[in-house]
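# Geometric and topological summary
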Amino acid sequence: MFMAAEEGDITTIIGGIAPDWGPFGSLGTEARVMIEVVMAVAILICLGIAIWGAAKQRIGATAMRDTFSAEQGKGLIVAGLTGVFIIGSLGTLFTIVYGMAV
């Protein structure tokens, strides 16, 4: 019987899927950690903006009957979640663009 994956293991499979940091592959470990920390802080700030927008929308729509505040809240929610998506996909985008250039 022929096994297609008899020579490989799970590390080979996962290592093939994981991004190789593209143009940032030559950076040291400390630089990668700093980039990850900056991105994590930016994601937390964006999530905070989205939560603030949700609270502003809820308070504006129910307690004060302030439609302007509710609309601002919607805008903050969209902006915060869009920021999370963009920052979260930066690593993938850099790797794809770098891979296409090489």
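No experiment lies behind these values; they were computed from the predicted model shown. The numbers attached to residues start from 1 for each chain and follow its sequence in the written order. Per-residue local features of the predicted model are confined to residues with pLDDT of at least 70, and side-chain atom pairs are confined, for both listing and counting, to 80 or more; whole-chain, interface and lining totals are unaffected and use all residues. Note that water and hydrogens are dropped before the side-chain values are worked out from all heavy atoms of the structure.

### Quick notes on the overall build of the protein
How we decide: Elements are defined by DSSP. Helices are runs of H or I of four residues or more, strands are runs of E of two residues or more, and each kind is numbered from the N terminus. Using a 1.4 Å probe on the protein chains alone, a residue whose accessible area is under 20% of its type maximum counts as buried, one over 50% counts as exposed, and one in between counts as partly exposed. Whether two residues are in contact is decided by their heavy atoms: any pair within 4.5 Å suffices. Method for areas: the Shrake-Rupley scheme with a 1.4 Å probe, in which residue coverage is limited to the protein chains shown.
Check the secondary structure of the protein and you find four helices and zero strands. Counted from the first residue to the last, the protein has its helices and strands arranged as α-α-α-α. Within the span of the protein, comprising 102 residues, buried residues form 13% of the whole. Partitioning the contacts of the protein with sequence separation of at least 6, the portion at a separation of at least 24 is 54%. For the protein, the computed accessible surface area is about 7,800 Å², with 72% contributed by carbon and sulfur atoms.

### Thoughts on helix 3 (residues 67–88)
One turn of the α-helix equals 3.6 residues, which is why residues spaced by three or four share an orientation. Condition: Helix span, expected: 1.5 Å multiplied by one less than the number of residues in the helix. Comment: arc refers to directions from the helix axis out to C-beta atoms.
If you check helix 3, its first and last C-alpha atoms are 32 Å apart, about what 22 residues at 1.5 Å a residue would give, namely 32 Å. Listing the buried residues of helix 3 in full gives Ser-69, Ala-70, Gly-73, Leu-76, Gly-80, Gly-83 and Ile-87. Down the axis of helix 3, the buried side of the element spans an arc of 150 degrees, and every buried residue falls inside it. Counted as exposed and oriented over 90 degrees from the buried face of helix 3: Thr-67, Phe-68, Val-78 and Phe-85.

### Quick notes on the UniProt feature "transmembrane region" (unreviewed entry) in the protein
Counted only if it meets this: UniProt positions are given in the numbering used here, feature names are shortened, and annotations may be inferred rather than shown by experiment.
Under the present numbering, the feature "transmembrane region" (unreviewed entry) in UniProt falls on residues 33–55 and 76–101. Taken end to end, residues 33–55 is 100% helix and 0% strand, and its first and last C-alpha atoms sit 33 Å apart.

### Re the pattern of salt bridges
Here is the rule: Every case where a carboxyl oxygen of Asp or Glu lies within 4 Å of a side-chain nitrogen of Lys or Arg is listed as a salt bridge.
In total, this model carries one salt bridge according to the counting rule given. Across the pair Lys-74 and Glu-71 runs a salt bridge, and its minimum N-O distance is 3.4 Å. Taken together, the residues Lys-74 and Glu-71, both in helix 3 and three residues apart, mark about one turn of the helix. When its relative accessible area of 40% is taken as the criterion, Lys-74 is described as partly exposed.

### Quick word on the environment of Cys-46
With respect to the helices and strands, Cys-46 occurs in helix 2 (residues 29–63). For Cys-46, the residues in contact, after removing those within four places along its chain, are Gly-80, Gly-83, Val-84 and Ile-87.

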